[in-house]
Amino acid sequence: YIIHCLLQNNAHDIFGVPGDYILSFFTLLEQSPLNVITTTREDSAGFAADAYARIKGIGSLCVTYNVGGLNVVNAVACAYAEKSPVVVICGSPGVNERINDPLLHHKVRNFNTQ
């Protein structure tokens, strides 16, 4: 559904960093008409999506849970301040992975603080 919406809004490219809780979505991206552009860091993906949005009309990026989302905050804030339309897709652990509040990779404190 998300990929379809991006395509309908003329987003032909998506920037991002593959990570543990977004890998299945990256697999779907690879099978879609969207061009996946990976970057070395999440903030780079965020700034690239912002620049792309200013040129093409909409930008999108895809990052992993918690640390990935936190690393794009400055880029997204910059895009927001300039009214640059950027879509952020951030993965997270599934409902079954959250049972009994386990210690998960990239988790800070508990799920209520994410």
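This text follows the structure it describes.
Notes on the structure follow. This structure is a prediction, so every number in the text was calculated from the model and none was measured.

Some words on the overall build of the protein
Okay, so step 1: What the protein contains, in helices and strands, is 5 helices and 4 strands.
Okay, so step 2: Scanning the protein from its N terminus toward the C terminus, one meets helices and strands in the order α-β-α-β-α-β-α-α-β.
Okay, so step 3: Counting over 114 residues, the protein shows a buried share of 39%.
Okay, so step 4: Long-range contacts, defined as pairs at least 24 residues apart, comprise 66% of the intrachain contacts of the protein with a sequence gap of at least 6.

A closer look at the packing of aromatic side chains
Okay, so step 1: For the coordinates displayed, the defined rule picks out 2 aromatic pairs.
Okay, so step 2: When the ring of Phe 15 is compared with that of Tyr 52, the centres are 5.7 Å apart and the planes differ by 70 degrees; the resulting orientation is edge-to-face. Of this pair, Phe 15 sits in strand β1 (residues 13-16) while Tyr 52 sits in helix α3 (residues 42-56), and the two are 37 residues apart along the sequence. Here Phe 15 and Tyr 52 have matching classes, each one buried.
Okay, so step 3: Ring centres of Tyr 21 and Tyr 65 lie 5.5 Å apart, and the angle between their planes is 80 degrees; this geometry places the pair in the edge-to-face category.

Quick word on the sheet that holds strand β3 (residues 59-63)
Okay, so step 1: Spatially, the 4 strands line up as an open sheet ordered β2-β1-β3-β4, and their pairing is parallel. Bordering the open sheet on either side are β2 (35-38) and β4 (86-90), each of which pairs with just one other strand. Pairwise comparison of adjacent strand axes, ignoring direction, gives a mean angle of 25 degrees for this sheet.
Okay, so step 2: Note: β1 against β3, 2 bridges, orientation parallel. Across the sheet, the residue bridging to Gly 16 is Cys 62, located in β3.
Okay, so step 3: In this fold helix α2 (residues 23-30) packs onto β1, β2, β3 and β4, with an angle of close to 135 degrees to the strand it touches most, β2.
Okay, so step 4: Across the sheet, α3 lies against β1, β3 and β4, angled at about 165 degrees from β3, the strand it touches most.

Structural notes on unusual backbone geometry
Generally, phi is negative for residues other than glycine and the peptide bonds are trans, each holding for most cases.
Okay, so step 1: In this structure, Asn 10 takes a positive phi of about 65 degrees despite not being glycine.
Okay, so step 2: With respect to the secondary-structure elements, Asn 10 resides in the loop between α1 (2-8) and β1.
Okay, so step 3: Judged by relative accessible area, Asn 10 falls into the partly exposed class, the value being 48%.
Okay, so step 4: Positive phi values are uncommon outside glycine, yet Lys 83 reaches one of about 55 degrees.
Okay, so step 5: Judged by relative accessible area, Lys 83 falls into the exposed class, the value being 72%.

The rules behind these values
Residues numbered from 1 in each chain as written. Predicted model: local features only at pLDDT ≥ 70, side-chain atom pairs only at ≥ 80, totals over all residues. Heavy atoms only, no water. Helix = DSSP H or I, 4+ residues; strand = E, 2+ residues; numbered from the N terminus. Buried < 20%, exposed > 50% of the residue type's maximum accessible area, 1.4 Å probe, protein only. Contact = heavy atoms within 4.5 Å. Phe/Tyr/Trp six-rings, centres within 6.5 Å; stacked < 30°, edge-to-face > 60°. Pairing = 2+ DSSP bridges. Axes fitted to C-alpha atoms, helices over the stretch in contact; angles between N-to-C directions.

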